[in-house]
Amino acid sequence: TECVSGCVCPEGLFDDGRGGCVEQKDCPCFHNNEWYSSGEKIKVDCNTCTCQKGVWKCTDDVCYGTCMIYGSGHYNTFDGKFYDFDGSCEYVATQDFCGDKNSSGSFSIITENVPCGTTGVTCSKAIKMFLGVSSQVMKTLSNRNATPLPAILGVIPKFELLYWNRTVGLYLVIEASNGVMLIWDKKTTVFIKLSPDYKGKVCGLCGNFDDKANNDFTTRSGLQESNPLNFGNSWKQSPMCPDVTEEIKPCDLKPHRKSWAEKECSIIQSEVFKICHSKVNPHPFYEACVHDACSCDSGGDCECFCSAVAAYAQECIKAEACVFWRTPDIC
């Protein structure tokens, strides 16, 4: 993070990591395999970091958390843990009814996962959003009927909790006054955003939102798991649903689709997204794209591919790297 004296630099100057020698005040900073000159700024979530004498100085604003669920069982938790879970059931995506069974809460979001190909992988086909301690309001979003809901403003009198729907571009947005927002592309991608007030107070497949990714696999009973399958199984809504016992690898089951999947998904690692590569690691998104392109073998394979690339593009936008990747030939 700091400039260090280099053997080829004259006394009083420092190696800038790029083959040159500079004064200490001009030392660059390193972030995601890229050097930034002194005075340059980058955006990290909702904070701005400035390079000063080789060290990043960042604002410390508390940010909204975002959990992403997309494609064939891909999850990116509030704390940035990326994992796959292909369960066919209803699961708690996130809620603030955690810990003691009698604990109070204000919301619960349930994802319904169903098979979306012949390989056994699952996709999120419906989302249920419960608001209020006694679930006075329940909204169900399903891509079986992708017609946008009319814009509404709802009120739960007892808690004076407001919620409203609106359409923004490709997405349907449901926002509640308790700091919970759900963004849905009317297909298989869902973003859940929570205000900082929920830090460390939520549980479910999206993790606990405490800025620590290493404890996101906390089961319904409060135990720490290392296996994503055991973790995911603990959050199923019905004990009648079968547990997931092994990770599905659709490209191994459908090898004839693998080369097509890798060719199409290579756009994520190509020059098209170069501006984003240093800001958001493309590798897990590429792997997820190949997984989805192999698994969608019952029609809709292009839609699966497009959703996977769009998920990476969305993360790039969050990192202030806008990429115009859609063309008349691609999605």
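Taking an unreviewed UniProt entry as the reference, the chain is identified by name as MUC2 protein belonging to Mystacornis crossleyi.

(A) Looking closely at the overall build of the chain. Counting its secondary structure elements, the chain contains six helices and 19 strands. Here the contacts in the chain between residues at least 6 apart in sequence split such that 49% fall between residues at least 24 apart. Counting every atom, the chain has about 16500 Å² of accessible surface; 52% of that belongs to carbon and sulfur.

(B) Representation of the state of the cysteines in the model. Tallied over the full model, the rule gives 10 disulfides. Disulfide pairing is shown between Cys 251 and Cys 294; the S-S distance is 2.1 Å. Between Cys 251 and Cys 294 the disulfide shows an S-S torsion of about 95°. By sign, it is right-handed. Residue Cys 251 is located in helix α2 (residues 250-253), and its partner Cys 294 is located in helix α5 (residues 283-295); the two are separated by 43 residues in the primary sequence. On the accessibility criterion, Cys 251 (12% relative accessible area) is buried. Accessibility expressed as a relative area gives 0% for Cys 294, which makes it buried. Paired through a disulfide, Cys 276 and Cys 316 show a sulfur-sulfur distance of 2.0 Å.

(C) A look at the pattern of salt bridges. In the structure shown here, the tally under the stated rule is five salt bridges. Two residues, Asp 211 and Lys 199, come together in a salt bridge whose shortest N-O distance is 2.7 Å. With Asp 211 in the loop between β19 (190-194) and α1 (228-233) and Lys 199 in the loop between β19 and α1, the pair connects residues that are 12 residues apart, well separated along the chain. Among the salt bridges present, the one from Lys 318 reaches Glu 315, with a minimum N-O distance of 3.6 Å.

(D) Representation of the sheet that holds strand β6 (residues 47-52) in the model. Overall, antiparallel pairing links the three strands, which are arranged β5-β6-β7 in an open sheet. On the outer flanks of this sheet lie β5 (41-44) and β7 (55-58), each paired with one strand and no other. Taken over all neighbouring pairs, the strand axes of this sheet differ in orientation by 35° on average, direction set aside. As judged from the four bridges shared by β6 and β7, these two strands associate in the antiparallel manner. Looking at the pairing, Gln 52 lines up with Val 55 of β7.

(E) Highlighting the pairing of β6. Bridge analysis of β5 against β6 gives four bridges, and the strand direction is antiparallel. Among the inter-strand pairings, Val 44 is bridged to a residue of β6, identified as Asn 47. Count of turn residues in the β5/β6 antiparallel hairpin: two residues, of which Asp 45 carries a positive phi of about 60°. The turn joining β6 and β7, which pair antiparallel and follow one another in sequence, is formed by two residues; a positive phi near 55° is taken by Lys 53.

(F) Spotlight on the packing of aromatic side chains. Considering all chains together, one arrives at 15 aromatic pairs under this definition. Measuring from ring centre to ring centre gives 4.9 Å for Phe 30 and Trp 35, while their planes differ by 55°; the resulting arrangement is tilted. In this structure Phe 30 comes out as partly exposed when scored by relative accessible area, which is 41%. Ring plane angle 65° and centroid distance 5.5 Å describe the contact between Tyr 36 and Trp 56, whose orientation is recorded as edge-to-face. Linking Tyr 36 in strand β4 (residues 34-36) with Trp 56 in strand β7, this pair joins segments that are 20 residues apart in sequence. Each member of the pair Tyr 36 and Trp 56 is classed as buried. Stacked on the ring of Phe 217, the Lys or Arg Lys 81 has its end atom at 4.8 Å from the ring centre.

(G) How the structure looks around the environment of Thr 94. On the secondary structure map, Thr 94 appears in strand β11 (residues 90-95). Sequence separation of Thr 94 and Ile 109 is 15 residues, and the distance between their C-alpha atoms is 5.5 Å.

Cut-offs used in this document
- Every chain's residues receive numbers from 1 upward, in the order its sequence appears when written.
- In keeping with the predicted nature of the model, local features appear solely for residues at pLDDT of at least 70, side-chain atom pairs appear and are counted solely at 80 or more, and the whole-chain, interface and lining totals rest on all residues.
- Hydrogen atoms and water are omitted, and side-chain values are computed over all heavy atoms in the structure.
- Numbering of helices and strands runs from the N terminus; a helix is a DSSP stretch of H or I covering at least four residues, while a strand is a stretch of E covering at least two.
- Pairs of residues are marked as contacts when any of their non-hydrogen atoms sit within 4.5 Å.
- Only the protein chains shown count as cover for residues, with accessible areas throughout obtained via the Shrake-Rupley method and a probe of 1.4 Å.
- To count as a disulfide, a pair of cysteine sulfur atoms needs to be within 2.5 Å.
- Working definition: with a 1.4 Å probe on protein chains only, accessible area under 20% of the residue-type maximum means buried, over 50% means exposed, and in between means partly exposed.
- Any Lys or Arg side-chain nitrogen found within 4 Å of a carboxyl oxygen on Asp or Glu counts as a salt bridge.
- Two strands pair if DSSP finds at least two bridges between them.
- Axes here refer to lines fitted to C-alpha atoms; in helices the fit is confined to the stretch in contact. Angles between the N-to-C directions go from 0 to 180 degrees.
- Ring geometry is summarised as follows: Phe, Tyr and Trp rings, the Trp one being its six-membered ring, pair when their centres sit within 6.5 Å, and such pairs are stacked at plane angles under 30 degrees, edge-to-face over 60 and tilted between the two.
- Placement of a positive charge over a ring is assigned whenever Lys NZ or Arg CZ falls within 6 Å of the ring centre and within 35 degrees of the normal to the ring plane.

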